[in-house]
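Summary of the model geometry
Here are the chains, one letter per residue:
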Amino acid sequence: MWEDLKYLTGFGNEFATEDPRCPASLPVAQNNPQVCPYGLYAEQLSGSAFTAPRESNRRTWFYRIRPAVLHRPFKRIDSIHLTVDFSAHPPNPNQMRWKPFDIPTDGQVDFVQGLRTICGAGQPATRSGLAVHIYTCNVGMENKAMQNADGDFLIVPQQGTLRIKTEFGRLLVAPNEICVIQQGMRFSIDVDGPSRGYILEVYDTHFVLPNLGPIGANGLANPRDFKTPSAWFEDLDVEYTVVNKYGGHLFQAAQDHSPFDVVAWHGNYAPYKYNLADFMVINSVAYDHCDPSIFTVLTCPSVRPGVAIADFVIFPPRWTVTEHTFRPPYYHRNCMSEFMGLIQGKYEAKEEGFQPGGATLHSIMTPHGPDAACFEGASKAELVPTRVADGTQSFMFESSLMLAVTEWAEETCSKLEKDYYECWQPLKKHFRIAEP
């Protein structure tokens, strides 16, 4: 059932889809007829202000068995490791690296229960900022759905395939794929066993494809490779819990039916997935490095041209062919914050220490770069055409904001490597006045 899913293709398209069990369930030539086909309810989900410019206006019309308003009141529930209070813990400018985050082995933990905030900046109340989370879980969300009123989730599975039900249909998302579930969309995640991954949450606006500039019309993440679910519904009269992430806190409401009862929908505001293996890599073919912005898959732009609230960047398998060039990533201090994760393999600049399921954070203007072993090896390597990062997929959440680390990430989780700085300590002084 899940392996044979049919998707709609394209990024940000105007889609129209109906479950084949109910043909002609989409109204003809209008959004809100007096009586909808099959006795359905019409409901609009708005992802932008009504008066947003047409090119950025986002909305979808649902035709569903019951409207989403049919639930009992929301009540606050415990969410002590999920936060938007990024001033609660003292700032720390040091380079940080975490060992792989533990997947629960005692008891049953679903996706919502396994959410932990690593770092962030800003506030959803003012629609400004972002948060980085880790999820670790071992069971699916049984008769439970979630919606995020605070912003968009960009989910990066590292271990375990996610079977995601949404109001729009179903998504199967495996490691080396990503999915984006936008603000307000209800979803439920099922897993086959121990699962772990990363989440970038943005409060400001929605992710878009980066402008290509002189690259031209094609390249990087091509729009045709993004996949959106086609309509699918379930008509279940069961006790269901809907969890609402609102203002950084979790609330839950009960209802007596499944929220995944949308028979048909049309619009341009929908969840989607993308396979990172489809990325069209661009690289230098003469000398020096292109900046890592050429590896940007998606961006959440700020109001300042060319400056992102957050970029999602990957470092995929590729060729390196540059001449008389130090080929690994250069040493760097950046006006941006760089949070990195590793899905699989070994990261080229630090082949030891940085492990799949772990993470690093190099904060604004904090120095970082290849470790000593990488520098010495690359400085002496024969510069022949070479494959880089085969069997590896690392990524970066890059932000113009100063990210504050939570108490859970720095202390409670016990995964922060206090001796991370030591990987640079063996770097030697090679300076000499006169060339031999």
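Residues numbered from 1 in each chain as written. Predicted model: local features only at pLDDT ≥ 70, side-chain atom pairs only at ≥ 80, totals over all residues. Heavy atoms only, no water.

Under an unreviewed UniProt entry, the name given to the protein chain is Homogentisate 1,2-dioxygenase, and the source organism is Daphnia galeata. According to the UniProt record, the Cofactor (unreviewed entry) comment for the protein chain reads "Fe cation". Recorded in UniProt for the protein chain, the comment headed Pathway (unreviewed entry) runs: "Amino-acid degradation; L-phenylalanine degradation; acetoacetate and fumarate from L-phenylalanine: step 4/6." (UniProt positions renumbered as here; feature names shortened; annotations may be inferred.)

Now for unusual backbone geometry. The phi torsion at methionine 365 lies on the positive side, around 65°, for a residue other than glycine. Mapped onto the secondary structure, methionine 365 falls in the loop between β25 (359-362) and α1 (372-380). With a phi close to 60°, serine 414 is a non-glycine residue in the positive phi region. If you trace the backbone, serine 414 turns up in the segment after α2 (407-412). What makes serine 414 exposed here is its relative accessible area of 61%. (Helix = DSSP H or I, 4+ residues; strand = E, 2+ residues; numbered from the N terminus. Buried < 20%, exposed > 50% of the residue type's maximum accessible area, 1.4 Å probe, protein only.)

As a further point, take the UniProt feature "domain: Homogentisate 1,2-dioxygenase N-terminal" (unreviewed entry) in the protein chain. The UniProt entry lists residues 6-276 under the feature "domain: Homogentisate 1,2-dioxygenase N-terminal" (unreviewed entry), expressed in the numbering used here. The distance from the first to the last C-alpha atom of residues 6-276 is 19 Å, and the span holds 0% helix and 41% strand.

Time to look at the nonpolar core. One finds Trp98, Ile118, Leu154, Leu298, Phe312, Phe339 and Phe397 to be the most contacted residues of the largest nonpolar core, which totals 54 residues. Here the element with the most residues in this core is strand β22 (residues 308-315); it accounts for six residues. Counting 33 residues, the second-largest nonpolar core is a separate cluster that includes Leu82, Tyr135, Leu162 and Val262. (Core = buried A, V, L, I, M, F, W, Y, C linked by side-chain atoms within 4.5 Å.)

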